[in-house]
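# Structural characterization, general
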Amino acid sequence: MKKSLLSIVLTIYASQLLGKQKIDLLVTGITVYTVAEEGEISNTIAIEKGRVIGIGTDIELNKNYEARRNINAKGYIFPGFIDAHCHFSGYALDMYKCDLVGTASFVEVIEKVVAYDRTNKLSWIYARGWDQNDWTVKEFPDKSVLDSLFPDKPVILKRVDGHAILANQRALDMAGITMQSDFKGGSVEKKNGNLTGILIDNAMEPVENIVPPLPEQEATSYMNKMEQECYSLGLTGVVDCGVEGDIIRLLEKLYAGNKLTISNTTLLSQSKPTLEQYMKNGPLTKNNLTVSAIKIYADGALGSRGACLLKDYSDKHGHRGTMLSGLDEMSAIADDALKYKWQVCTHAIGDSANRTILKLYASKLKTKNDLRWRVEHAQVVHPSDYHFFSDYSIIPSVQPTHAISDMPWAEERLGTDRVNNAYAYKQLLNQNGWLPLGTDFPVEGINPIATFYTAAIRKDKNGKPEEGFLKANGLTREEALKGMTIWAAKSVGNENKKGSIEIGKDADIVILDQDIMTVDESKILSTRVLYTISKGEIKYQAK
Ligand SMILES: [Zn+2]
């Protein structure tokens, strides 16, 4: 029904009479978890021009404010979740690719690829997400079947962790990879004098380069789809790791035109053209996009035995993995970062990679500081190296779902002693008193509730193992919540604007259908998002 002029005049008159301030939005729920220092008891938030201007009870706030829109939800209000390490744009631009996540055998991989190609309009096949650890035969596959099915079309099948590719002969030919190829920080697998098609780490690059970029319109629509998916799961912020220059240009354009709105802190890829283009101009901001850090790869991943360890892999003698970047290269990037005011974030999984990068950071940072240089994953840390994190204010950035995904084989790779210093989130938290959490999606799923559950409960979705995986290094629910909100914001220098519900901060809010802080652990994973609000705008509402 259309409001009559008289009723509008009366409303204005009444609100002036009562001294009520007109605002954009009042959000009322059952409880508000502000995650601020003094966690006040409240159930309502007042929002104006994208910012929080009041927190209190519905009775108090309704007295003071008249909102153009009201949300009354039977739910629990939290600060919008922030993923402190993910691949937002990488995943978006991966969406056209054939999805192999969860395949139970190589036969199933082939079936999926063949089915995908029936409607594939591109001149190549790119699939991602296989994991031989999920198969009965837990060995790397080879390219022979792909060669017979696709002799003329390049086929690239990327492993779930992004650190290995199975390519067919056509792709290898186009990329110029032969038996003689040799890569620093990468390897080309051979068996009985032939290429198997398996390429590890830096050896993947020539094959990746044969794939042309998606047209801008298509790329934009996948970015929008990705953003909607994040909002639907309660995320209002992402730290987008290792993005190439041409994609950052697209992000700049989309954020400048408000075509993307999710808060995004982008980490430059360490590739030469990207650094050359962006480094010297210093960090940049466009609306909710901030490009302010550099992502370096020190080593590979544990699943593909590419993580660089101080001693042999327990399940592969004589093998310790390799560094992907030389010390000179990483040192030069760090120097430039100091000079041009960039944050440095380095992927380090093995204890050797962690030691190398911690020592490198220490040599540049010299003392405690507020630069927030991060170690991504910090997955296996030698007991004598933890002190570097606190001595030089280095921030470990961890992904609790990794612990549970790796649980079935982590001890095989590392042995009993080393595994006790892996996924050691509590110990890492204790170094600086705070710890940002992320997912690394698409390596893991996007859902932040899974991060909360695995961080605090340390079990899989079936509630196994009963005692929790390496439970001594689990976090409390309060710590897990902070890791996904205020500490995630702090890990990219954003804690004054984001990460908690406080007056003056951006109104980034999620409303959940149950109280994850108190509900029985068996129910946490079934939590649903009712609303997601970003800078005071409703971005998602459950149907
Ligand atoms: Zn990552």
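The structure this text deals with has already been given above.
Description of the structure in this document.

## Re the pattern of salt bridges
In this structure the tally under the stated criterion is 28 salt bridges. Where D94 meets R128, a salt bridge forms, and the shortest distance between an N and an O atom there is 3.1 Å. Of this pair, D94 sits in helix α3 (residues 88–94) while R128 is found in strand β9 (residues 125–130), placing the two residues 34 residues apart along the sequence. What makes D94 buried here is its relative accessible area of 11%. With a shortest N-O distance of 2.8 Å, K153 and D117 are connected by a salt bridge. Here D117 lies in helix α4 (residues 106–118) and K153 lies in the loop between α5 (144–149) and β10 (155–159), a separation of 36 residues in the sequence. With respect to burial, K153 and D117 carry one shared label: buried. Shared partners join several salt bridges into a network, and the residues in it are D24, E48, K49 and R68.

## Overview of the pairing of strand β6 (residues 76–79)
Pairing of strand β2 (residues 31–32) with β6 involves two bridges; the strand directions are parallel. Counterpart to V32 in the pairing with β6 is I77. Pairing analysis gives four bridges linking β6 to strand β21 (residues 509–512), with the strands arranged antiparallel. Bridge pairing in β21 links P79 to I509.

## Considerations on the sheet that holds β21
Strands belonging to one sheet form pairs held by backbone hydrogen bonds; the direction of such a pair is parallel or antiparallel. In space, the five strands of this open sheet follow the order β2-β6-β21-β22-β23, with mixed pairing throughout. Edge strands, defined here as strands with exactly one partner in the open sheet, are β2 and β23 (537–541). Bridge count for strand β22 (residues 529–534) against β23 is four bridges, and the pairing is antiparallel. Note on β23: the bridge partner recorded for T532 is Y540.

## Re the coordination of the zinc ion
Around the zinc ion, the protein contributes the donor atoms H85 (NE2), H87 (NE2) and D440 (OD), at 2.1 to 2.2 Å from the metal centre. Along the chain, the residues that donate to the zinc ion are spaced as H-x1-H-x352-D. One end of the pair, H85, is in strand β7 (residues 81–86); the other, D440, is in the loop between α15 (425–432) and α16 (448–456), with 355 residues separating them in the sequence.

## With respect to the nonpolar core
Counting 143 residues, the largest nonpolar core has L157 and L199 as the members making the most contacts within it. When residues of this core are assigned to domains, at least three fall in each of domain 2 (82–87 + 233–455 + 483–499) and domain 3 (97–208). Filtering out sequence-adjacent residues up to four positions away, L157 remains in contact with L100, F106, V109, V113, A127, W130, L146, A164, I165 and L166. Among the nonpolar cores identified, the runner-up in size contains 18 residues, and I71, I501, L530 and I533 belong to it.

## Examining the sheet that holds strand β5 (residues 65–72)
Strand order in the open sheet formed by four strands is β4-β3-β1-β5, with mixed pairing between adjacent strands. Two strands in the sheet have a free side with no partner beyond their single neighbour: β4 (51–56) and β5. Going across the sheet, the axis of each strand differs from the next one's by a mean of 30°, ignoring polarity. Bridge count between strand β1 (residues 21–28) and β5: seven bridges; the pairing is parallel. Bridge pairing in β5 links L25 to R69.

## Section: unusual backbone geometry
Peptide bonds are, in most cases, trans, and in most cases residues other than glycine have a negative phi. The omega torsion across F441 and P442 is 10°, close enough to zero to call that bond cis. Here P442 is to be found in the loop between α15 and α16. Cis geometry is adopted by the peptide bond preceding P465, which originates at K464 and carries an omega value of -15°. Along the chain, P465 turns up in the loop between α16 and α17 (477–484). For A378, which is not glycine, the phi torsion reads 40° and is therefore positive. By the secondary structure assignment, A378 is in the loop between β19 (374–377) and α13 (387–391). Here the phi dihedral of Y423 falls at roughly 50°; this positive angle occurs in a residue that is not glycine. Tracing the backbone through its elements, the reader meets Y423 in the loop between α14 (400–419) and α15. We classify Y423 as buried; its relative accessible area is 0%.

## As for the pairing of strand β11 (residues 164–167)
Residues A164 and L166 line one face of β11 and the alternating positions I165 and A167 line the opposite face, and both faces are buried. In this antiparallel pair of consecutive strands, β10 and β11, the connection spans four residues, and G162 shows a positive phi of 75°. Sheet topology places β11 next to strand β13 (residues 194–201); three bridges connect them, and they run antiparallel. Its bridge partner lying in β13, L166 is registered against I198.

## Focus: the environment of I77
Position of I77 among the secondary structure elements: in strand β6. Judged by its relative accessible area of 0%, I77 is buried. Apart from residues lying up to four places away in sequence, I77 is in contact with V27, T28, G29, T31, V32, Y33, N43, I45, I501, I509, V510 and I511.

Reading the values: the criteria
- Residues numbered from 1 in each chain as written.
- Predicted model: local features only at pLDDT ≥ 70, side-chain atom pairs only at ≥ 80, totals over all residues.
- Heavy atoms only, no water.
- Salt bridge = Lys/Arg side-chain N within 4 Å of Asp/Glu carboxyl O.
- Helix = DSSP H or I, 4+ residues; strand = E, 2+ residues; numbered from the N terminus.
- Buried < 20%, exposed > 50% of the residue type's maximum accessible area, 1.4 Å probe, protein only.
- Pairing = 2+ DSSP bridges.
- Donors = N, O, S within 2.8 Å, 3.2 Å for Na, K, Ca; no water.
- Core = buried A, V, L, I, M, F, W, Y, C linked by side-chain atoms within 4.5 Å.
- Domains from an automatic or database assignment.
- Contact = heavy atoms within 4.5 Å.
- Axes fitted to C-alpha atoms, helices over the stretch in contact; angles between N-to-C directions.

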